[in-house]
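These are the residues of each chain, in order.
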Amino acid sequence: MGRIKKFVKTSLVGGILVLLPIVILVLLFNWAFNIVTNMIQPLTDLIIKNNGMPEVLGDMLAIMVIFLVCFVIGSIVSTGVGVLMHTHFDKYLARIAPGYRLIKEIVGQFFGDKASSPFANGEVARASIFGKGCGTTVTAIVTSRHADGFYTVFVPTGPNPTSGNMFHLPPEQVEVCPDIKVEDMMRTIIACGAGSGALFDSRIKDVSIGDQV
């Protein structure tokens, strides 16, 4: 009887672990799709107004049109003339809309501005935010290096790595880990620390092997 209960329990939990991520993914996709379709509803109405196609198909065509426009604009601004036009447009829009530059910088931090984004170009570190002798360290990203040697680090919170706290620390309280990729570190943040041991232990092993050689 005990084996049957264990089998039923194991099978039930196993089924939940398989299906629950799929259900959550479908719900998230449905939520995101509803938000997007509500935003593009005027364009969808314009597309389906005269041809009587289903609204879902109109939404898909509207999304394709938006992607096509983004592609065309991206192609234009990759040229010399496009860069010049974009620079002038940025300056003009920044004058009439003060919040535009801040929004642009925030978007650039998360979507492809590798020159300034710590999420794309940062350095993983272990920071002793309470002092070197405390023994407590946190996983962090180096976001700035100061002329006096200090570091500015961003400490993400799990499971949402886009929120967190900034600390300005002396170099002795920051252990930079250049061999650890930001995306690997982010996975441990999203998992609320799970995998951190393997992440940093592998680094210690690599360093030890290098010292022996």
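Whatever comes next refers back to the structure up there.
Residues numbered from 1 in each chain as written. Predicted model: local features only at pLDDT ≥ 70, side-chain atom pairs only at ≥ 80, totals over all residues. Heavy atoms only, no water.

A. Spatial organisation of the sheet that holds strand E5 (residues 174–176). Spatially, 5 strands are ordered E4-E3-E2-E1-E5 in an open sheet, and the strand pairing comes out antiparallel. Two strands bound the open sheet, and with one partner strand each, they are strand E4 (164–169) and E5. Direction aside, the axes of adjacent strands within the sheet are offset by 40° on average. Docked against the sheet, helix H7 (residues 182–190) engages strand E1 (123–127), strand E2 (138–145) and strand E3 (151–156), running at close to 140° with respect to E2. (Pairing = 2+ DSSP bridges. Helix = DSSP H or I, 4+ residues; strand = E, 2+ residues; numbered from the N terminus. Axes fitted to C-alpha atoms, helices over the stretch in contact; angles between N-to-C directions. Contact = heavy atoms within 4.5 Å.)

B. Molecular detail of helix H4 (residues 80–96). With 17 residues, H4 extends 25 Å between its outermost C-alpha atoms, agreeing within 8% with the 24 Å of an ideal straight helix rising 1.5 Å per residue. Listed as buried for H4 are Gly82, Asp90 and Ala94. Projected down its long axis, H4 shows its buried positions confined to an angular sector of 95°, all on one face. For H4, the exposed residues set more than 90 degrees away from the buried face come down to Gly80, Val81, Leu84, Met85, His88, Arg95 and Ile96. (Expected span 1.5 Å × (residues − 1). Buried < 20%, exposed > 50% of the residue type's maximum accessible area, 1.4 Å probe, protein only. Arc of directions from axis to C-beta.)

C. Spatial organisation of the pattern of salt bridges. With the rule as written, the count across this model stands at 2 salt bridges. One salt bridge connects arginine 145 with glutamate 123, and the closest N-O pair in it is separated by 2.8 Å. Of this pair, arginine 145 sits in strand E2 while glutamate 123 sits in strand E1, and the two are 22 residues apart along the sequence. A salt bridge links aspartate 184 to arginine 187; its shortest N-O distance comes to 2.4 Å. With aspartate 184 and arginine 187 both in helix H7 and 3 residues apart, the pair spans about one turn of that helix. (Salt bridge = Lys/Arg side-chain N within 4 Å of Asp/Glu carboxyl O.)

Keep in mind these numbers describe shape, not what the thing actually does.
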